[in-house]
Amino acid sequence: MAARPNKSVDPANAVQSDQKIFCPMQSPVLHHVSLFVSDMKVSTLFYTEGLGLTLREEFVDIIGLRGTHRFPFTVASIFLEAGEGRYIELHPAGDGEMSPPGFPINHLALAVVDVDASYAQALASGGARFDIPIPNEEWDGTPLDVIMSGARPEPMRMAFLQGPSGELIELYQATNN
């Protein structure tokens with residue numbers, strides 16, 4: 001596998017390794033379940049005050065990286081800690097659609113040691129590519145470096161694919177600052 005360039009974030013805004021949401025894992029583990037919600041404020045209050053989860057981080061967008069080219073996914077998210085490094089990720093549903101047009105919101109995410117190898121293995125074992133139309137970009141779900149942007153940006157590598165029943169799965173790997 002070809003070495004990937006190290007993508008970095010501004011050190012002044014970098015998250016300390018013990019505070020990261022996207023942390024390295026030694027084996028695949030459930031990381032988060034992502035949900036669309038019609039009202040982010042109401043849903044955040046429900047999950048925090050009603051169910052006792054902790055608001056961990058709010059990201060304003062996901063920025064895709066291809067060489068020196070950067071492109072926004074134009075989707076915000078809130079991560080609510082659900083114990084032991086597991087999260088519920090909330091995204092705004094937009095105008096009442098089940099998810100913003102073209103973006104896979106409802107999915108489960110697995111933290112893996114190597115996104116590229118895990119993605120290839122999943123495809124070889126019956127998974128299917130999943131095309132994701134992003135405004136002014138094309139992405140077929142293959143491994144991609146991204147930065148979760150916000151007050152404390154976090155770099156990661158991710159890929160999306162469909163399982164054998166059409167379920168949407170995100171594979172993610174924490175990357176260095």
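> Just to check I follow, could you spell out the pairing of strand β2 (residues 54-66) for this structure?
Walk down a regular strand and you will see the side chains alternate between the two sheet faces. Inspection of the sheet shows β2 paired to strand β4 (residues 77-81) by five bridges, in the antiparallel sense. Note that in β4 the partner of Glu-58 across the bridge is Ile-78. The pairing of β2 with strand β10 (residues 144-150) spans six bridges and is classified as antiparallel. Bridge pairing in β10 places Leu-65 opposite Asp-145. Two strands pair when backbone bridges link them, and β2 and strand β3 (residues 69-72) are joined in this way by four bridges, in the antiparallel orientation. Its bridge partner lying in β3, Arg-66 is registered against His-69. Remark: two residues form the turn of the hairpin made by β2 and β3, two consecutive strands paired antiparallel; Gly-67 in that turn has positive phi of roughly 60 degrees.

> What is the right way to read the packing of aromatic side chains from this model?
Aromatic ring pairs are reported here in terms of the distance separating the ring centres and the angle at which the planes meet. Counted under the stated rule, the structure contains six aromatic pairs. For the pair Trp-139 and Phe-160, a centre-to-centre distance of 6.0 Å together with 85 degrees between the ring planes defines the contact as edge-to-face. With Trp-139 in strand β9 (residues 137-139) and Phe-160 in strand β11 (residues 154-162), this pair connects stretches of sequence that are 21 residues apart. Looking at Trp-139, the relative accessible area reads 4%, which means it is buried. Note on Phe-160: relative accessible area 1%, which makes it buried.

How each quantity is defined
Residues numbered from 1 in each chain as written. Predicted model: local features only at pLDDT ≥ 70, side-chain atom pairs only at ≥ 80, totals over all residues. Heavy atoms only, no water. Pairing = 2+ DSSP bridges. Helix = DSSP H or I, 4+ residues; strand = E, 2+ residues; numbered from the N terminus. Phe/Tyr/Trp six-rings, centres within 6.5 Å; stacked < 30°, edge-to-face > 60°. Buried < 20%, exposed > 50% of the residue type's maximum accessible area, 1.4 Å probe, protein only.

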